[in-house]
Amino acid sequence: MPPRRLKLVLILTVLGASSLALLAWTQVWVHAEVGLPDAGTQVLQVDGAIAAPALTALALAGFALAGALTIAGRLIRVVLGGLEVLLGFSVFLAGYLAVEDPSQASAAAVTAATGIAGHESIQLSVLGTVVTPWPFVAMGAAVIMSATGVIVIVTSARWPGPTRKYQAVRFEPVADPDGSVPALPVTGVASTEPAPADSVGDWDDLSRGEDPTAR
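A brief structural summary.

Conventions used here
- Residues numbered from 1 in each chain as written.
- Predicted model: local features only at pLDDT ≥ 70, side-chain atom pairs only at ≥ 80, totals over all residues.
- Heavy atoms only, no water.
- Axes fitted to C-alpha atoms, helices over the stretch in contact; angles between N-to-C directions.
- Helix = DSSP H or I, 4+ residues; strand = E, 2+ residues; numbered from the N terminus.
- Parallel < 35°, antiparallel > 145°, perpendicular 65-115°, else oblique.
- Left-handed = near helix turned anticlockwise from the far one by under 90°.
- Contact = heavy atoms within 4.5 Å.
- Nonpolar A, V, L, I, M, F, W, Y, C, P; charged D, E, K, R; others polar.
- Pairing = 2+ DSSP bridges.

**Some points on the packing of helix H1 (residues 3-25) against helix H8 (residues 134-155)**
Turning to step 1, where the next piece is worked out: For the pair H1 and H8, the least separation of the axes is 9 Å and the interaxial angle reads 160°. When the interaxial angle is binned, H1 and H8 end up roughly antiparallel. With respect to the hand of their crossing, H1 and H8 are arranged in left-handed fashion. Residue-level contacts link Leu6, Leu10, Thr13, Val14, Ala17, Ser18, Leu20, Ala21, Leu23 and Ala24 of H1 to Trp134, Val137, Ala138, Ala141, Ile144, Met145, Thr148, Ile151, Val152 and Thr155 of H8.
Turning to step 2, where the next piece is worked out: By residue class, the composition of the contact of H1 with H8 is 16 nonpolar, 4 polar and no charged.

Shown next as structure tokens:
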């Protein structure tokens, strides 16, 4: 694959995986059946914002990393590739913990609905949980993020270097047709010639009680 296309594909992959993780974060991860005191049971829909609150920051960091890759040099690309691997690992861990212990992932929602707090009390109040596919979607996005980070590290030497959008410009005086260079105007020296009259100045003179025709 040509270097420029490789760079574009990897950056778009980082953006796509981060978008997928952010999408998963907005969806329902767990359906938790909770026993309410003197009120039977209630099924709570626990979304990613409750089950994995750090996921949004990780996904947004992926967006920022993709932007940095567009202008980064070779050494910085290696560093950013390593950070992308760590982001993928963190996203995977957030999804795995929600799947491994859905009752704990639902703790904030359970506390808000019942007022019950504490790990053991929440575990007793949650009668059953059903995990949706969205945590696994987030984990799949995490695998893509980490794999892309590894590829960025391996192929960083092949990427085209950053281009300079603005070039340095040096201004030189323009010579007259006879070859002489006109002198630059001297600032800070008061002119002895009267300023040309205009309507605005005349109105100012009239406002001060002066006769503009006397100039």
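Additional details are given in the paragraphs that follow.
**Focus: the environment of Val110**
Turning to step 1, where the next piece is worked out: In this fold, Val110 is placed in helix H6 (residues 107-114).
Turning to step 2, where the next piece is worked out: Separated by 64 residues in the primary sequence, Val110 and Val46 place their C-alpha atoms 9.1 Å from one another.
Turning to step 3, where the next piece is worked out: In this structure, Val110 is in contact with Val34, Leu44, Gly115, Ile122, Ser125 and Val126, ignoring residues within four places of it in sequence.

**Quick look at the sheet that holds strand E1 (residues 28-35)**
Turning to step 1, where the next piece is worked out: Read across the open sheet, the 3 strands follow the order E2-E1-E3; overall the sheet is antiparallel. Looking at which strands have only one partner, the edges of the open sheet turn out to be strand E2 (41-47) and strand E3 (126-131). On average, each strand axis in the sheet is tilted by 20° relative to the strand beside it, whichever way the strands run.
Turning to step 2, where the next piece is worked out: Pairing geometry for E1 and E3, over 5 bridges, is antiparallel. The partner of Val34 across the bridge, within E3, is Val126.
Turning to step 3, where the next piece is worked out: Along the sheet face, H8 touches E1 and E3 and points at about 145° away from the line of E1.

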